[in-house]
Amino acid sequence: MLDNQKSLPPVIRVFLSSTFADMDKERSYFNEVLVPKLSRMCSERGVSFFSVDLRWGITEEEQIDGKVLPICLSEIDKCRPYFIGILGNRYGSILETVPDKISDMIPWLKGKEGHSITELEMLYAVLEHNDDETVANSAFYFRSDDLTEKLYGHIRQEDPQALENLQRLKKCIEEDNDTPCSRYNSIEEFGSYVMRDILNWVAEHFPESEDI
C-alpha cells in the first residue's frame, strides 16, 4: 500500500471561493482558460493540477438538507493549503442558522450565524486558520466596480447591512498583510494574477531541478 501511494504523482488542488451570481465569468475563465494552462505547466513538473468549483458539485437535495456549508468546508480541507478567494459587489447567501447536528460535527461553526457562506469559506480556509503554509499558498482578488458594470451591468448589493459586511470582509483581507490581495480591472488581468500566484506556489513546492 505504501509503495503504491509513493508512486502517485504530487497533486495541487485549489479551492475556488466566491459568490456565484456575480462571478460566473471569472469562474468560467478560470476553468476554461487557466486550468488547461496550469494543468499542462504542472504536468511538465510531474504534478497533477485540479481546481474545485462547487457550482456543479452540490445537488438540490443537499441544499435542502443544509449540507452546502459542510461540503464546502470539507472540500477546503481536502485542498489545503491551496485557496483562492474572489470578491466583487455581493456578500453572498447568509447562513441564517446552524443546526445542532452541523455544529456538533463542525464545532467551529458555533456562533457563525449571520455570515455569508462565502465569508465563512474565507474565514475557515485562511483568515481564522492563519498557519504559515496556508498563508503562503492562498490569494485573494477584488474586482473593480468599473469591471462589474462592464461585465454584469449594475449588480449592486441591495441590502445595506450586506454591503457593510462585504466592506468589512474586504478590509479584513487587506489588513491580513501576509496573504496576497490583488485588484483587477479586466478578466485578463484577473487571469494574469492567478497564473502568477499559482505558478509561484508550484515553483516553491516543486522546483524544476527536483527529481519528482
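Residues numbered from 1 in each chain as written. Predicted model: local features only at pLDDT ≥ 70, side-chain atom pairs only at ≥ 80, totals over all residues. Heavy atoms only, no water.

### A word on helix α8 (residues 145-152)
Put simply, the test is: To sort residues, take the accessible area from a 1.4 Å probe on protein chains only and compare it with the maximum for the residue type: under 20% means buried, over 50% means exposed, and anything in between is partly exposed. Going along the chain from the N terminus, every DSSP run of H or I of four or more residues is numbered as a helix, and every run of E of two or more is numbered as a strand. Throughout, the arc means that of the directions going from the helix axis to the C-beta atoms. Here, residues are in contact when the closest pair of their heavy atoms is within 4.5 Å.
Those residues of α8 lying buried are Leu 147, Thr 148 and Tyr 152. For α8, the angular spread of the buried residues around the axis is 105°, confining them to a single face. Projecting away from the buried face of α8 at angles above 90 degrees are the exposed residues Asp 146 and Lys 150. Along its buried surface, α8 packs onto α2 (24-43), β4 (138-143), β5 (181-184) and α10 (187-205). Once α8 finishes, Gly 153 follows within two positions and takes phi at roughly 80°, a positive value.

### Some words on the pairing of strand β2 (residues 48-52)
Threshold: Two strands are counted as paired when DSSP detects at least two bridges linking them. By convention, a crossover is right-handed whenever its connection, traced from the first strand over the helix to the second and viewed with the strands pointing away, goes clockwise.
Both strand β1 (residues 11-17) and β2 contribute to a ladder of 5 bridges, which runs parallel. Following the sheet pairing, Val 14 is matched in β2 by Ser 51. Traced from β1 through α2 to β2, the parallel crossover comes out right-handed.

### Observations concerning the packing of aromatic side chains
Keep this limit in mind: In summary, the pairing rule links any two rings of Phe, Tyr or Trp, Trp by its six-membered ring, whose centres are within 6.5 Å, and it sorts them by plane angle into stacked for under 30 degrees, edge-to-face for over 60 and tilted for everything else.
Applying the stated criterion across every chain yields a total of 6 aromatic pairs. Considering the side-chain rings of Phe 83 and Phe 140, the 6.1 Å spacing of their centres and the 65° angle between planes classify their relative orientation as edge-to-face. One end of the pair, Phe 83, is in strand β3 (residues 83-87); the other, Phe 140, is in strand β4, and 57 residues separate them in sequence. Each member of the pair, Phe 83 as well as Phe 140, carries the same accessibility label: buried. Considering the side-chain rings of Trp 108 and Tyr 124, the 5.1 Å spacing of their centres and the 65° angle between planes classify their relative orientation as edge-to-face. In this pair, Trp 108 sits in the loop between α5 (100-105) and α6 (117-127) while Tyr 124 sits in helix α6, placing the two residues 16 residues apart along the sequence.

### Some words on the environment of Ala 21
The residue Ala 21 is located in the loop between β1 and α2 in this model. Exposure remark for Ala 21: the relative accessible area of 62% places this residue in the exposed category.

### Overview of the pattern of salt bridges
Definition in use: Any Lys or Arg side-chain nitrogen found within 4 Å of a carboxyl oxygen on Asp or Glu counts as a salt bridge.
Under the counting rule described, the total for this entry stands at 10 salt bridges. A salt bridge links Arg 143 to Glu 26, with the nearest nitrogen and oxygen atoms 3.0 Å apart. Highlighted residues: Arg 143 in strand β4 and Glu 26 in helix α2, separated in sequence by 117 residues. Two residues, Lys 112 and Glu 128, come together in a salt bridge whose shortest N-O distance is 3.8 Å. One end of the pair, Lys 112, is in the loop between α5 and α6; the other, Glu 128, is in the loop between α6 and α7 (132-136), and 16 residues separate them in sequence. Assessed through its relative accessible area of 41%, Glu 128 is described here as partly exposed.

### Thoughts on the confidence of the model for the protein
Put simply, the rule is: Summary of the metric used: pLDDT quantifies the predictor's per-residue confidence within the range 0 to 100.
In this model, the protein carries a mean pLDDT of 85, and residues with pLDDT of at least 70 account for 84%. Within the model, pLDDT remains below 50 along residues 56-65, and this stretch shows 10 contacts once partners closer than five positions in the same chain are excluded.

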